[in-house]
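# Notes for the structure review
As a plain string of letters, each chain reads:
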Amino acid sequence: MTKTWWKEAVIYQIYPRSFKDSNGDGIGDLAGIIEKLDYLAQLGVDILWLSPIYQSPNDDNGYDISDYRAIMTEFGDLATFERMLAAIHERGMKLMLDLVVNHSSDEHRWFQESRKSKDNPYRDYYFWRPEKPVSWPSFFGGEAWEYDAATGEYYLHLFSKKQPDLNWENPKLREEVYDMMRFWLDKGVDGFRMDVIPFISKRLEWPAVDWSDFPKIVEEVYANGPRLHEFLQEMHREVLSHYPITTVGEAPGVPPSLANTYVGEDRQELDMIFHFGHMFLDWGPGGKFDLTTWDLRDFKRVFNEWYAALGETGWVSIFLDNHDFPRLVSRWGNDGEYRIPSAKLLAILLLSQRGTPSIYQGTEIGMTNVAFPSIEDYRDIETLNTWREAQEKGADLEQLLAAIHQQGRDNVRTPVQWDDTPHAGFTTAPAPWIKVNPNYPHINAAAVLADPNSIFYFYQQLLSFRKAHLTWVYGEYVMLDNNDTRLYAYRRWDENGDFYFFLNFSDEDFHGLPGPALTQMSLVMGNYPDTQTAYLRPWEARVYEVEGRRSEVGNRR
Ligand code: TEU
Ligand code: CA
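Residues numbered from 1 in each chain as written. Chains lettered and ligands numbered in written order. Predicted model: local features only at pLDDT ≥ 70, side-chain atom pairs only at ≥ 80, totals over all residues. Heavy atoms only, no water.

## Re the coordination of the calcium ion (ligand 2)
We apply this condition: Atoms of type N, O and S within 2.8 Å of a metal are treated as its donors, and for Na, K and Ca the window is 3.2 Å; water is not considered, so some sites may appear to be missing partners. Burial classes follow relative accessibility: with a 1.4 Å probe on protein chains only, a residue under 20% of its type's maximum area counts as buried, one over 50% as exposed, and anything between as partly exposed.
Around the calcium ion (ligand 2), the protein contributes the donor atoms Asp21 (OD), Asn23 (OD1), Asp25 (OD), Ile27 (O) and Asp29 (OD), at 2.3 Å from the metal centre. Counting the intervening residues between successive donors of the calcium ion (ligand 2) yields the motif D-x1-N-x1-D-x1-I-x1-D. The class of Asp25 is partly exposed, set by a relative accessible area of 37%.

Laid out in structure tokens, this is it:
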């Protein structure tokens with residue numbers, strides 16, 4: 001196993017629009033990020049990944065870019081960006097930008113040109129066809145091929161109509177993308193998170209798909225196209241290999257069996273990917289708002305499979321939530337009575353898998369999902385489009401609102417709760433761009449900073465423990481209890497240490513822990529104040545270390 005800084009690092013994701021507003025317009029911005037860098041340094045994270053900060057009409061909050069070399073007006077300007085980058089580096093942290101090059105905004109100059117005429121020099125920067133080649137579902141509702149009256153042809157958009165897909169078949173487009181990447185890297189940026197990167201090579205025979213199984217379409221048709229690895233290797237050769245940076249590809253539709261085609265050390269493509277197996281467990285055939293049942297065995301299986309598939313040569317970044325999925329404590333924990341212990345349990349899980357952890361903003365405070373009473377309070381294009389389609393079909397809107405409360409992306413896009421002042425101290429504006437979660441008076445950063453037993457300090461401890469015990473990073477992993485639906489228990493070990501993790505994912509006591517007797521090990525940490533019991537209480541998590549067996553474990557493989 002090759003040792004390197006980005007395997008030992010921890011990522012913290014910022015969704016700038018919702019992080020901190022510095023100038024009272026209700027929208028988070030780069031100067032707001034600068035204000036909070038000391039807080040992030042205190043937490044102990046290493047790499048700040050910012051969701052897109054480029055010029056955008058915000059059809060999809062910045063994932064629709066109209067100018068890749070300019071900062072979104074609401075977020076600041078290049079001078080503020082430079083100031084932010086320097087301030088991040090001064091604190092020993094690194095900056096990772098979001099690279100969104102599967103598609104641009106329809107307001108990008110390239111697309112404005114492209115749609116003008118069939119012989120425009122930018123025509124082939126996108127996919128145009130005289131007839132609709134196939135009926136494919138777009139991620140945000142409706143069809144992925146859109147008629148454009150100007151030239152009477154159809155263009156492809158896997159996401160919204162305002163996010164036309166870029167044509168990577170065109171070498172000129174690829175050169176433009178590489179140039180743009182160099183523009184940011186030359187400023188000193190330390191890496192990229194690459195948006196839906198498995199989608200950039202299209203299946204140009206446009207295969208027919210079965211609309212009733214969306215996850216299958218993603219894996220078999222949208223992702224992992226025929227020229228994908230050729231493009232990634234070219235990008236690596238042309239750009240990535242010339243800078244001391246790191247990369248993580250967002251990889252929906254990539255099964256474990258293909259993992260090492262992206263991140264295998266011999267590939268010269270990406271350093272890491274984010275895998276999605278656990279994110280789709282609760283999706284029914286109708287997609288994310290069509291909820292289905294799952295249990296902890298399914299969840300554990302995902303991590304087992306990825307661990308096995310990567311072996312000693314590939315690496316991933318681990319996430320339990322991000323700006324697209326529900327809050328981790330609401331989805332995998334218990335955000336009511338056991339919010340604090342379950343948030344801490346999930347912190348242990350996140351920071352002790354083999355992979356580079358990615359923490360989403362607000363997780364360190366214990367922020368939860370939100371349940372706005374009315375669709376008027378929602379902002380996300382996916383949620384709003386789904387609502388509109390359901391209305392048109394005459395579907396059950398009450399049921400949909402309940403699904404939105406569980407699954408909608410705005411659950412994680414409400415402003416970060418800084419304190420108990422109006423709008424949680426996020427903004428001084430009369431109203432932020434999206435309402436604050438009404439639970440902010442008791443869930444906020446000021447409160448966790450004032451409480452030595454808070455989730456925040458638990459993360460801080462875990463982050464420094466992980467740095468000091470690289471067994472948690474590089475060590476081997478084995479699950480102890482594959483079939484249990486409540487207990488997640490595993491062992492991580494190498495020649496420097498041997499750790500047992502016991503996590504009770506339930507509201508009841510758990511008796512009958514596997515592994516060595518607890519009395520033969522020493523307790524490293526736990527999320528309950530007293531740890532004398534021989535069983536785990538609801539959402540209790542403990543980590544033990546086996547002492548004095550270090551030389552022995554090395555021979556155990
Ligand atoms: O997400 C890609 C992706 O697959 C997600 O669409 C995810 O499945 C979906 O959000 C679940 O509802 C990326 C970005 O993370 C997301 O914010 C963007 O909207 C999307 O790409 C388009 O750029
Ligand atoms: Ca602002």
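Next comes the rest of the account.
## Some details on a negative patch on the surface
This is how it is decided: Each patch is assembled from residues with relative accessible area greater than 30% and no salt bridge, linking like charges that lie within 9 Å and nonpolar side chains (Val, Leu, Ile, Met, Phe, Trp, Tyr) that lie within 5 Å. Note that accessible areas follow from Shrake-Rupley with a 1.4 Å probe, and for residues the cover is restricted to the protein chains shown. Every case where a carboxyl oxygen of Asp or Glu lies within 4 Å of a side-chain nitrogen of Lys or Arg is listed as a salt bridge. Residues scored as positive are Lys and Arg, those scored as negative are Asp and Glu, and His as well as the terminal groups of each chain are ignored. Every charge is mapped onto a representative atom, which is NZ of Lys, CZ of Arg, CG of Asp or CD of Glu.
Together, Glu337, Asp507, Glu508 and Asp509 line one region of the surface with negative charge. Since its relative accessible area comes to 39%, Asp507 is described here as partly exposed.

## Focus on the domain arrangement of the protein chain
Many structure descriptions define interface size as the accessible area lost when the parts assemble. Quick note on the threshold: For every domain, the bounds stem from an assignment made automatically or drawn from a database. By definition in these notes, contact holds between two residues if any of their heavy atoms fall within 4.5 Å. We call two N or O atoms a polar contact when they sit within 3.5 Å, provided that within protein one can donate a hydrogen and the other can accept it, with sequence-adjacent residues counted only if both atoms are side-chain atoms. Where helices and strands are cited, they refer to DSSP runs of H or I of at least four residues and of E of at least two residues respectively, numbered from the N terminus. Residue classes follow a fixed rule: Ala, Val, Leu, Ile, Met, Phe, Trp, Tyr, Cys and Pro count as nonpolar, while Asp, Glu, Lys and Arg count as charged, and any other residue, Gly among them, counts as polar.
For the protein chain, the domain assignment lists domain 1 (9-99 + 319-468), domain 2 (109-156) and domain 3 (474-546). Between domain 1 and domain 3, the C-alpha centre-to-centre distance is 30 Å. Residue-level contacts link 17 residues of domain 1 with 23 residues of domain 3. Linking domain 1 with domain 3 are 0 salt bridges, by the criterion used here. Across the contact surface, domain 1 and domain 3 share 7 residue pairs in polar contact (both at pLDDT 80 or more). Broken down by secondary-structure element, the contributors of at least two residues to the side of domain 1 that touches domain 3 are helix H12 (339-351) and helix H16 (455-468). Here the side of domain 1 that touches domain 3 is built from residues that sort into 10 nonpolar, 5 polar and 2 charged.

## Description of the nonpolar core
Under the convention used in this document: Nine residue types can take part in a nonpolar core, namely buried Ala, Val, Leu, Ile, Met, Phe, Trp, Tyr and Cys, and a core is a set of them joined through side-chain atoms within 4.5 Å.
The biggest cluster of nonpolar side chains holds 173 residues, and the ones touching the most others in it are Phe81, Tyr488 and Phe505. Residue contacts for Phe81: discarding those within four places in its chain leaves Leu30, Ile53, Ile71, Leu95, Leu97, Trp184, Lys187 and Val189. Among the nonpolar cores identified, the runner-up in size contains 11 residues, and Ala489, Leu513, Met521 and Val546 belong to it.

## Notes on helix H14 (residues 397-407)
In plain terms, the rule: Regarding the arc, it is the one traced by the directions from the helix axis to the C-beta atoms.
Those residues of H14 that sit buried are Leu400, Leu401, Ala403, Ile404 and Gln407. On an axial view of H14, the arc spanned by its buried residues comes to 160°, and they lie on one face. Residues of H14 that are exposed and angled more than 90 degrees away from the buried face: Glu398 and Gln399. Packed against the buried residues of H14 are strand S12 (283-284), strand S13 (287-291), helix H11 (328-331) and helix H13 (381-393). N-cap assignment for H14: the residue whose side-chain oxygen lies 3.1 Å from the backbone N of Glu398 is Asp396.

## A closer look at unusual backbone geometry
The backbone phi angle of Asn61 is positive, close to 45°, even though this residue is not glycine. For Asn61, the position within the fold is in the loop between strand S3 (54-55) and strand S4 (67-71). Phi at His423 is positive, roughly 55°, even though this residue is not glycine. If you trace the backbone, His423 turns up in the loop between H14 and helix H15 (445-450). Under the relative-accessibility criterion, His423 is labelled partly exposed at 22%.

## Regarding the site of ligand 1
Applicable threshold: A single heavy atom is enough: if one lies within 4 Å of a molecule or strand, its residue is considered near that molecule or strand.
Surveying the vicinity of ligand 1 reveals 19 residues, the closest of which are Asp60, Asp195, Lys288, Asp324 and Glu382. Contact distances for ligand 1 include 2.6 Å between an oxygen atom and a side-chain N or O atom of Lys288. Here an oxygen atom of ligand 1 sits 2.5 Å away from a polar atom, N or O, in the side chain of Glu382. Alone, ligand 1 offers 480 Å² of accessible surface; in the complex the protein occludes 100% of this. Within the shell around ligand 1, the residues separate by chemical class into 7 nonpolar, 3 polar and 9 charged.

## Looking at the packing of H13 against H14
Quick reminder of the rule: To define axes, lines are fitted to C-alpha atoms, for helices over the stretch in contact only, and angles between the resulting N-to-C directions are given on a 0 to 180 degree scale. Note on terminology: angles under 35 degrees are roughly parallel, angles over 145 are roughly antiparallel, angles of 65 to 115 are roughly perpendicular, and the others are oblique. A clockwise turn of the near helix away from the far one marks a right-handed crossing, whereas an anticlockwise turn of less than a right angle marks a left-handed crossing.
At a minimum axis separation of 10 Å, H13 and H14 run at an interaxial angle of 165°. By the angle between their directions, the pair H13 and H14 is classed as roughly antiparallel. Considering only the axes of H13 and H14, their crossing is right-handed. Between H13, through Thr383, Thr386, Trp387, Ala390 and Gln391, and H14, the contact on the second element is made entirely by Leu397, Leu400, Leu401 and Ile404. Broken down by class, the residue content of the contact of H13 with H14 amounts to 6 nonpolar, 3 polar and no charged.

## Here's the deal with the confidence of the model for the protein chain
This is how it is decided: Along the chain, pLDDT gives the predictor's confidence residue by residue, from 0 to 100.
When pLDDT is averaged along the protein chain, the result is 96; 98% of the residues meet or exceed 70. Predicted confidence is poor over residues 551-557, with pLDDT under 50, and the contacts of this stretch with residues over four places away or in other chains come to 7 contacts.

## Regarding the pairing of strand S10 (residues 246-250)
Inclusion rule: Paired strands, in this sense, are two strands between which DSSP finds at least two bridges.
Of all 5 residues that make up S10, 5 are buried, and the element is covered over most of its length. Neither face of S10 is left uncovered, since the one carrying Thr246, Val248 and Glu250 and the one carrying Thr247 and Gly249 both have all their residues buried. Here strand S9 (residues 191-194) runs beside S10; their pairing, made up of 4 bridges, is parallel. By the bridge assignment, Met194 is partnered in S10 with Gly249. Summarising the sheet, S10 and strand S11 (residues 272-274) pair through 3 bridges and their orientation is parallel.

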